[in-house]
Structures are given as structure tokens and as C-alpha cells.
Amino acid sequence: MTVDTQVPAATAVVEIAHDERWTAVCRYGELVPGRGVTALVGGEQVAVFRDRAGALYAVANTDPFSHASVISRGIVGSRGDTPVVVSPMYKQAFDLRTGKCLDEPTAPDGSAARLSVWPVRVTA
Amino acid sequence: MVKKDLVLVGHGMVGQRFLEEFLAQRDASRDWRVTVLAEEPRPAYDRVRLTSWFSGTSAQELSLCADSFVDEHGIDLRLGDPAVAVDRERRTVTTRSGRVVGYDALVLATGSYPFVPPVPGRDAHGCHVYRTLEDLAAIKEAAATARVGTVVGGGLLGLEAAGALRAMGLETHVVEFAPRLMALQVDDGGGAALRRRIEELGVVVHTGAGTQSIGTGWDGRVRTMSLSDGAELAVDLVVFSAGVRPRDQLARECGLVVGERGGITVDERCRTSDPHILAIGECAQAADGRVYGLVGPGYAMAEAAALQLTGGSGEFTGGDTSTKLKLLGVDVASFGDAHSTTPGALDVVYTDTRAGVYKKLVIGEDGALLGGVLVGDAEAYSVLRPLAVSRRPLPAPPEQLLLPASAAGSGAVGGSALPDEALVCSCHNVSKAALRAAVSEHGCTSVREVKACTKAGTGCGSCVKLLGGIVEDELAAAGVESARGLCEHFTHTRAELYEIVRVKGITSFSRLVDEHGSGEGCDICKPVVASILASLGNGYVLDGEQAALQDTNDHHLANLQRNGSYSVVPRIPGGEITPDGLITIGEIARDFGLYTKITGGQRIDMFGARVDQLPRIWQRLVDAGFESGHAYGKALRTVKSCVGQAWCRYGVQDSVALAIELELRYRGLRSPHKLKAAVSGCARECAEAQSKDFGVIATAEGWNLYVGGNGGMTPRHADLLATDLDRETLIRTIDRFLMFYIRTADRLERTAPWIERLEGGLDHLREVVLDDSLGICADLEELMARHVETYQDEWAATLANPERLRRFVSFVNAPGTPDPTVRFVPERDQMRPARPEEDAEHRVPALIAGPELEVHTR
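Residues numbered from 1 in each chain as written. Chains lettered and ligands numbered in written order. Predicted model: local features only at pLDDT ≥ 70, side-chain atom pairs only at ≥ 80, totals over all residues. Heavy atoms only, no water.

Across its full length, chain A carries zero helices and nine strands. When the helices and strands of chain A are listed from N to C terminus, the series reads β-β-β-β-β-β-β-β-β. Over its C-alpha atoms chain A spans a radius of gyration of 14 Å, differing by no more than 12% from the 14 Å that the globule rule assigns to 124 residues. Based on the C-alpha atoms only, the size of chain A along its principal axes is roughly 40 × 30 × 20 Å. In chain A, which comprises 124 residues, the share counted as buried stands at 56%. Across chain A, contacts joining residues at least 24 apart in sequence account for 41% of those joining residues at least 6 apart. Charge separation in chain A, taken as the distance between the mean sites of 12 positive and 13 negative side-chain charges, equals 6 Å. (Helix = DSSP H or I, 4+ residues; strand = E, 2+ residues; numbered from the N terminus. Rg over C-alpha atoms; globule rule 2.2 N^0.38 Å. Buried < 20%, exposed > 50% of the residue type's maximum accessible area, 1.4 Å probe, protein only. Contact = heavy atoms within 4.5 Å. Lys, Arg positive; Asp, Glu negative; His and termini not counted. Charge placed at Lys NZ, Arg CZ, Asp CG, Glu CD.)

Now for the pattern of salt bridges. Residues and elements named next belong to chain B. Enumeration according to the criterion identifies 52 salt bridges over all chains in this entry. With a shortest N-O distance of 2.7 Å, Arg 716 and Glu 756 are connected by a salt bridge. Here Arg 716 is found in the loop between strand S35 (703-707) and strand S36 (719-725), whereas its partner Glu 756 is found in helix H24 (residues 751-757), with 40 residues between them in sequence. The class for Arg 716 is buried, based on a relative accessible area of 17%. (Salt bridge = Lys/Arg side-chain N within 4 Å of Asp/Glu carboxyl O.)

Residues and elements named next belong to chain A. The strand order across the open sheet built from three strands is S2-S1-S9, with neighbouring strands paired in antiparallel fashion. At either margin of the open sheet sits one strand with a lone partner, and together these are strand S2 (21-27) and strand S9 (120-123). Adjacent strand axes in the sheet meet at a mean angle of 35 degrees, parallel and antiparallel pairs treated alike. Here six bridges tie strand S1 (residues 13-18) to S2, and the two strands are oriented antiparallel to one another. The residue of S2 that forms the bridge with Ile 16 is Thr 23. (Pairing = 2+ DSSP bridges. Axes fitted to C-alpha atoms, helices over the stretch in contact; angles between N-to-C directions.)

Now for the packing of aromatic side chains. All names here are of chain B. Taken as a whole, this structure holds 15 aromatic pairs over all chains when the rule is applied. Judged by centre distance (5.5 Å) and plane angle (85 degrees), the ring pair of Tyr 292 and Phe 316 falls under edge-to-face. Within this pair, whereas Tyr 292 is found in the loop between strand S20 (284-285) and helix H9 (295-309), its partner Phe 316 is found in the loop between H9 and strand S21 (323-327), the two being separated by 24 residues in sequence. The residues Tyr 292 and Phe 316 share a single accessibility class, namely buried. For the pair Phe 740 and Trp 754, a centre-to-centre distance of 5.7 Å together with 70 degrees between the ring planes defines the contact as edge-to-face. Of this pair, Phe 740 sits in helix H23 (residues 727-744) while Trp 754 sits in helix H24, placing them 14 residues apart in sequence. Each member of the pair Phe 740 and Trp 754 is classed as buried. Put simply, the rings of Phe 737, Phe 740, Tyr 741 and Trp 754 pair up and form one aromatic cluster. When the ring centre of Phe 115 is taken as reference, the NZ or CZ atom of Arg 245 above it lies at 4.0 Å. We note Arg 684 situated over the ring of Tyr 650; from NZ or CZ to the ring centre the distance is 3.8 Å. (Phe/Tyr/Trp six-rings, centres within 6.5 Å; stacked < 30°, edge-to-face > 60°. Lys NZ or Arg CZ within 6 Å of the ring centre and 35° of its normal.)

Quick look at helix H21 (residues 614-623) of chain B now. Residue and element names in this part refer to chain B. Every buried residue belonging to H21 is among Leu 614, Pro 615, Ile 617, Trp 618 and Leu 621, and all of these are buried. One side of H21 holds all its buried residues, which, seen down the axis, span an arc of 155 degrees. The elements touched by buried residues of H21 are helix H19 (552-556), strand S29 (566-568), helix H20 (579-592), strand S31 (604-609), helix H27 (794-799) and helix H28 (802-805). Of the residues trailing H21, Gly 625 is marked for its positive phi of about 95 degrees. (Arc of directions from axis to C-beta.)

All names here are of chain B. Ranked by internal contacts, the top residues of the largest apolar core, which has 60 residues, are Leu 662, Phe 694 and Leu 765. Element by element, the count of residues in this core is highest for H23, at nine residues. Here this core spans two domains, since at least three of its residues come from each of domain 5 (494-539) and domain 6 (559-790). If you look at the next biggest cluster of nonpolar residues, it comprises 51 residues, including Leu 23, Phe 69, Val 70 and Tyr 292. (Core = buried A, V, L, I, M, F, W, Y, C linked by side-chain atoms within 4.5 Å. Domains from an automatic or database assignment.)

What follows is about the interface of chain B and chain A. Residue-level contacts link 39 residues of chain B with 30 residues of chain A. Summing both sides of the interface, chain B and chain A together bury roughly 2600 Å²; the carbon and sulfur share of this comes to 50%. Contact with chain A buries surface across chain B, with Glu 520, Val 812 and Asn 813 of chain B losing the most and accounting together for 22% of the total. Connecting chain B to chain A are three salt bridges. The salt bridge involving Glu 520 of chain B is made with Arg 52 of chain A; its shortest N-O contact spans 3.3 Å. If you look at where chain B meets chain A, you find 18 residue pairs in polar contact (both at pLDDT 80 or more). Looking at the side of chain B that touches chain A, the elements with two or more residues in it are helix H17 (509-516), helix H18 (525-535) and H19 of chain B. (Buried area = accessible area lost by both parts, 1.4 Å probe. Polar contact = N/O pair within 3.5 Å; in protein donor to acceptor, adjacent residues only side chain to side chain.)

Turning our attention to the confidence of the model for chain A. Detail in the predicted coordinates should be disregarded across regions flagged by low pLDDT. Model confidence for chain A is summarised by a mean pLDDT of 89, while 95% of its residues fall at 70 or above. Model confidence for chain A, summarised as mean pLDDT per element, is weakest for S9 of chain A at 91 and strongest for strand S5 (residues 56-60) of chain A at 96. (pLDDT = per-residue confidence, 0-100.)

Where helix H5 (residues 133-143) of chain B is concerned, the buried positions are Leu 133, Asp 135, Leu 136, Ile 139, Ala 142 and Ala 143 of chain B. Packed against the buried residues of H5 of chain B are helix H3 (59-62), strand S9 (127-129), helix H6 (156-167) and strand S16 (237-240) of chain B.

This paragraph deals with the pairing of strand S23 (residues 346-352) of chain B. Both faces of the sheet carry side chains from a regular strand, because those side chains alternate between them. The sheet contact formed by S23 of chain B and strand S24 (residues 357-363) of chain B spans seven bridges and is antiparallel. If you follow Tyr 350 of chain B over to S24 of chain B, its bridge partner there is Lys 359 of chain B.

This next bit is on the sheet that holds S16 of chain B. All names here are of chain B. Strand order in the open sheet formed by five strands is S9-S16-S10-S11-S12, and the pairing between neighbours is parallel. This sheet does not close on itself; its edge strands, each paired only once, are S9 and strand S12 (203-207). The sheet shows a mean angle of 20 degrees between the axes of neighbouring strands, direction not considered. The pairing of strand S11 (residues 171-176) with S12 spans five bridges and is classified as parallel. Following the sheet pairing, Thr 172 is matched in S12 by Val 203. The sheet contacts of H6 involve strand S10 (148-152), S11, S12 and S16, and relative to S10 the element is tilted by about 175 degrees.

Most peptide bonds adopt trans geometry, and most residues besides glycine take a negative phi value. Residues and elements named next belong to chain A. With phi around 55 degrees, Asp 19 is a residue other than glycine that occupies positive phi space. Along the chain, Asp 19 turns up in the loop between S1 and S2. Of the residues examined, Asp 19 reaches a relative accessible area of 64% and is grouped as exposed. Backbone geometry places His 67, a non-glycine residue, at a positive phi of 65 degrees.

This paragraph deals with the side chain of Arg 17 of chain B. Residue and element names in this part refer to chain B. Along the chain, Arg 17 falls in helix H1 (residues 13-24). What makes Arg 17 buried here is its relative accessible area of 5%. Side chain to side chain, Arg 17 and Glu 303 meet in a polar contact 3.2 Å long.

Let's shift gears to the pairing of strand S30 (residues 595-598) of chain B. All names here are of chain B. Looking at chain direction, S30 and S31 are connected through four bridges and run antiparallel. Its bridge partner lying in S31, Lys 597 is registered against Asp 605. In this antiparallel pair of consecutive strands, S30 and S31, the connection spans five residues, and Gln 602 shows a positive phi of 65 degrees.

A few words on the environment of Met 182 of chain B. Residues and elements named next belong to chain B. With respect to the element layout, Met 182 can be found in the loop between S11 and helix H7 (188-200). As a C-alpha pair, Met 182 and Asp 771 span 589 residues in sequence and 40 Å in three-dimensional space. Contact partners of Met 182, with chain neighbours within four places excluded, come to Gly 154, Gly 155, Leu 156, Leu 159, Leu 194, Leu 325, Leu 327 and Val 332.

All names here are of chain B. Checked against the element boundaries, Leu 394 lands in the loop between helix H10 (381-390) and helix H11 (398-402). Judged by its relative accessible area of 18%, Leu 394 is buried. Separated by 24 residues in sequence, Leu 394 and Leu 418 have C-alpha atoms that sit 9.4 Å apart. Not counting chain neighbours up to four residues away, the residues in contact with Leu 394 comprise Ile 363, Gly 367, Leu 369 and Leu 401.

Moving on: the domain arrangement of chain B. When the domains of chain B are assigned, the result is domain 1 (4-113 + 246-309), domain 2 (127-242), domain 3 (320-413), domain 4 (418-480), domain 5 (494-539) and domain 6 (559-790). One C-alpha centre belongs to domain 2 of chain B, the other to domain 4 of chain B, and the line joining them spans 40 Å.

The following block contains the structure:
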């Protein structure tokens, strides 16, 4: 899920919604455009990304194809108009807005190839 | 329900294909219990590529039958226990070990045996046949002490065998009874061209000569060979490769009908004279009365038999005996009516004796292509063969089809000239129509997808180029964007982007994509641009926007492994390391609980580091004087070396010193793909320099430079670029070669395919880097000088800057918490990643506090 912003200050706080409340995870300035970080939210690993335009995304960090927690280390880009992150393990692309895998519908274990998504926002 | 018993006798290529086709049929596994009786000690392997075993392809790589295939289908595979008798009344097969197996259906796929002419001395010590991996192992062993080898038989296998003997350093002769080489496939003109090319390689060819007798010494070993033309050869190794005969003894003995000249007689559904017994492949005489010794027709028979047994309908009424192969580096192809036997057929011939090229097309009275022979240049085979098989009129005048591609210009024919029914992949029987349907009906959008969907191009691979053209045409027709550009964000190739970046002095991805591309970029174009920026000397690869372009490996300066941990490889230039260095690496690995393995590039890989451990590991390595080995980058990996003149009794130059110098010169150089190199101190070539992107071999006068070698999936021997260079010239030439490659290669294109693709090939490369024909050598050298000057160790630079270290945390909001999903279990006194199903109790503690902590792995 995405929140449009007017270039927040580097010290602005990035928050992720969990259990009906917002949890602060880092400063906006800690996010490098086009790269991700991993946050621990309620015991789960969440990959947080900032794109070139400044928009933020938060998706599950575990890659359904390898079961490794590596999504935050993927490369961010676009496919058509869809913002994507590409898993560094076997290179499947995921829609950053919905978590849906664009390359394969299911993971090898038969589950749906989809990353959970979290609401994310920036507060001054 | 009670399962029926199927017994397959023989587990060769055709037997294995039969199993695959049979078990792919609905209910086959449910209804049938399958037993396979095999003579050889190993499951089916690729006999077509048998000779590649000599050049290093392992038995494992040649295998066509994975253990999982046998397990998954519950096949009872009996290796080394061949069938010796069939009781048709009781429907049982007896094996050599005395086992009796009952059958409801019996499939004979016993193949053929090598024909050994009945000459005196043929059983002497030192005489071999060329059929199985065991035969090859015996030849290799014998060759080690032999000086002269003779191959009896100048057909396909015979020439392959000759090539192998030559490569093992033997003086090699080929004796062929017919008046020309490859008599079955090519005509006199083609045979002459082939002979010339093969003699150039140092093989002595005797045609029109039979073997009269083989003489032995007091020890029973082969010493001499007398030929029917009066020649006497001193030999100590003989390989018989004079054709094969169908292995139909089992069938004869149980009273099945066999052909006059051998081969179990079968009908078009591969049924023998006993309704419960089928026969396929080289042991069978097909419905058209022929015995086929090629794998393509064998596969077609396997399919027909599989369908016959499962209630489907498949027929084999005759096969295409067209062949294309590369013999000792010479392309040879023959297809259709190669010998102009059709009444009224006329030949069109093109010969270039100097280049060793011979091409003949056989044209029918109606102008249709009937067949042909191509020697020395078989590029057109993939298009001409389907044309001949479909008997369509030619798409262009025949002389145009024969001319070298460059002279023919736009007249060269591609897949578009083929009719829909033309067979493109004969290994998997895929027509052009089926390929087009894969795109238009099944929605495939790339060559890769079409190959997966149709299996086309996954057999011998000779049709891949043609297939690619057809698929691209079809994609274009369907409006799918043609994929010449790098990705959807750039319509340029990597080489074009390199020029844009260089000429315009662009230093950021943002500017490049905004001015010359579209969108946000992706995992394809971003690392490419990162590499180009790095090659053009834009400093530390992880600063500013460049950081966001890197693959995770480059971004963390380490190699991602399957559970999300990383491996670490310090540079060990030339593979030379002090005992203290070894101890340091050992101590670090022990203290951090890392798994260690020696790499193929003469260094040490340490596995299992969590991302947050990388800086601490590297701090210790850097403190001890180590630097990044760039194992994570598309960059120079290693310059391997043999121990060289300093120690080796045979060495003629100091290979270690040169390897170290080269590795330190080119370390960190970013390129389109990884770069590997080696230096050998003498012609024995212990460093395997000829399998590297650039390899140097010492001579008494200086150094020979080889380029474009490759191991991996598509091995390629390097080409000799220049000889007897002094050190300065050698380094200057390598500088130019590498920079020219970096400038013009495609993304992920190793030097081997790059050279193959380079217009004008090796000669052109020589002109550019030795004669400076493009006038760019000064530029290339300056770029390399800049690289050498500005090189810095990425790990030392990273550790020196807290800002750069920020990426090495587990969690941005809990940096002290290690990633709990990175888990390991003990194995062989070390550790390995835990598989998802392995429970957590046996974990190795992944948290290692400091150097004094002892780590227990069991």
C-alpha cells in the first residue's frame, strides 16, 4: 500500500500499521531511494521501500519461492505502470502495491505467490 | 486392480525416452509396474555426446536419467544385469544373474554393438571399440602410454575418436575402407573438403584402404598394422569404429522374426512378430525395412511404442536421416537425398578449397530442394533441411542459398521462408506451425517460454537459432514488443548504453533513464548501468544513487545463498597464500562458525554469514591484509596459476608472479559478466588457461595469449590470439582486449559467445587489439590505466565510512536482533542451511559472540 507524500523531512518518522495502531520503524532519511530495509513489526519481518519519487511501500520480507527473508534486498523498479520489487533470490517480480507476484501465480509449495502488505505513512 | 508388468530390456537413450513417453501417458503408472534390465553399470546417458567425456564432461553430466525419475515412477531399474533369454511361452525374461522376470509386455531396446572387422590380431591388447563410457575410460588409460593411435573407420564416430586421440597427444591415423570419409553422409566433393580440413589438424587419413592384419609384440600388445594398400603402420593403440550392427541376438534366440541383414522386424507400431513384444531403436528393423542408427528415429519409435502400449495410436514409418555435427571443429551436414539418387535430380555445387568449404544442393525436376551436403559451413542447414523434408520450392535461387552469408546479403534465408509443416526440431518432432501456435494460441511471449512449452530446441540444440528467428517473427506479428533492447526501460543494447554513457559523460542512472529510457528501471537494466558506470571509472560502487542499482550481491559485497545468508571470499591473488594467511582465514571462519570450501579459482569461500556479521568478518580480514575478492561482482574473479618455474621441474616461466601481477592489475574491473583467467608455466597447461576468458601459457620465448574460453554449461576452448609475447606486450594486449569486450559485449555475455558473435570473428579481434584497425587502442589503454590508478578495495572503503555500513543491519528498528530465519544444521563436521522442514531443535547456535568462543557443530 502506498502513501503519497510531499518530500518529507529526513527526520520524519516512517510508521507501519499493525494491530490497529501505527508503529514507528525508522526515519524517512534512512531510506535510500530504490532500496529497502527490513523492520520487525509485531514479530513479523516487513520490507519497507522508498521509490525515486518518494512513495513508500511495505510488504512481507519472506520470499514465497525460497522461504528466505530477503525481499528487502531486492531491486525496485517498474513494469509498465506497476511499481515492483524483484526478489534477489530467483528474480520474481512483486507488485509493491498489492504484493502480488507478476511472474508466477503460485509458489512451489502450492500456496499463492503473494506478499502480505502493510499500510505505511510518514509523520513529521 | 492388479498391475500389469512391463519389462524394458536395455537402458540406452531410446529406452530412456520410451520410459519418459510411456510414463507421461495417463494411467501408465497406475496400470503398469515397470522393470528395466540394463547391461551397463549406469542409467541411460547421452551417447551422442559421448566424446565430450574426453574433454571433461562428467558421466553425471551426460546422464539422461535422474535418480528422482526412477524413484518417482517406482521403476525397478536393474543395472549391470542384462537379459540373457526370453521365454515367450511363459512370458518371462531371464537375466545374467539368474533372475526370472515375468512380463505382460516386453520392449526390446538393446541397441547395437560395434562391428569389428574379422582381421587377425583384432583381439590383441591395445584394441578397443568406441561405444560406452567404459570403452572411453579404457582408451584414455591406454592412450596415456601410447604414441601412435589408429582409428579403423572414417565415419562420424571414427572421426570423433580420432579427434580425441589427437587431443590426447597421439600421432593419429584414420583408416577408411570407402574412398572417402563419412561415406554415408557426404559425397566425394564433401569428403575431399572434410579430408583436407582434418589433415590440417594433423590426422593422417588413409581412404580406400582396409585393415589386413594387426601385429603384436612378445607381450601380446599391438605393434603394427598392415593395410590393403600396402602401408605398414607402427601403432600401439587401435580403435575400431567401423559401424554398428543391431543387437538382435536375444530376439533371434527366442524365435522372433529378424531382417535378412539383422534387426528385429517390427511394424509401424513397433510390434514384433510376437504381439507381446515390441522393439525400438537401433536393434529394430523399421516398417520401411531400414535399421536406423540415429537417435531421432529411435526417439520416434520410442514414442510410437509408448502410445501402442497405452492404447493410443502412434506410428513410425520411416525417419529423417539428416545430420549436422561439428567434427574436429569442422561443420558437416547432410540431409534428404544427399547422394542425388532421385531420378532427374540435379546438383548445384559451391566449393571454396582454400577455406575448406563445400556445399551441394540436390534439386528435383520440379525445382524443389531434395537434399544436400554441407562441409565447412553448415549455417544454412537449419533452414535447408526442413525445406528439403517438406519438398517445397526454394524461396531463393539455389546459388544464393549456397553463398557465404555475407555475400548472399539479404538473400540469406531465415525461418520465414519455411512452410508451416516444416519440421524445425527433429529431436522433439516440433513443426514450425507448432512453434507459431505456442505464441499465438498458448500465449508464450519469449523464446524461453516457447522452448519450455514445446520442448523444441532442448535436444541437440542445432535448431535453436532458427527457432529463435521464427518465434521472434511470430511475436512481432502478434504485436509483442521485439526484445532487441535491454528491457522494457531501454530500447538500447548494453553496448549502445555504454557508448551513450561514455560519450555524454553521464554519471547517474536517473539521468540516463530520464533522457534515454522510460519508467523506473528494473533488475535487468539497473545492474547493467551500475556496471557501465563502474567500468567508466565512476568511483566507489555503493555511493549515492549507484547503491540502488546494484544486485544484492554487489550491494552487500558478498554472495547471497539460499537461506538469505552470504558467503565471503577474500582475494588470494594467483592462489598464492602464506601459512599465516591460511591460519587467519581459518580462525575467522572458526570464530564466526562459517562453513568453508575451497573454490575452483584457488581461493577459500566462507559461507553462512548473516548480513549483520559481514562488517565484523571483513574488519578482521582487512586488518590481516586481505581485500575483496569480487566473487559477488560481474568483475574479474581470479587469475589461477600453476606453481611455475620456481618449483616445477617442467616450468619455463614464472606463472605465479605473472598471475599475481595480472590479478592485481584487473582486480575490481567491472564487466558485462564475470571474468576468469589463468596462467600456465608451460605447455602442460596445469592452470587450464584455455578454459578462461583470457589465458596465458608460457613458451620458451615468452607468453601465448588465449581468449574466449569458457567452462560452465557451454564449454569452449579459448582461441589463440597472439604468440610469444613479451610481458609488456602481453599486458597491453590484455588491457585492450578486456576494454574492447567491456565496451561492446551484451549484458551477461561472456567473452566466449561475444567472440562467436563478433562480426569477422577472431581475425577482426586481432585487427582491433593488435593492429589497432579501429584506432581506439589509445582510448582502451587509457581507460584501463584509469582503472588501475583509481582501484580501491571496496571493503576497506566500506569499513572506513559509518554511512556505508548502515546497510549491514538485520532490522532497521532492531539492529541488535539477528535474523531468526537464518538457521543452520550440522553436516560433516560443519554446518549447512536448514531446510524448511527441518525442525529447530538441531540448530547450530547462529549467534557467535567473539573470537574466543568455541563453536560446537555437533
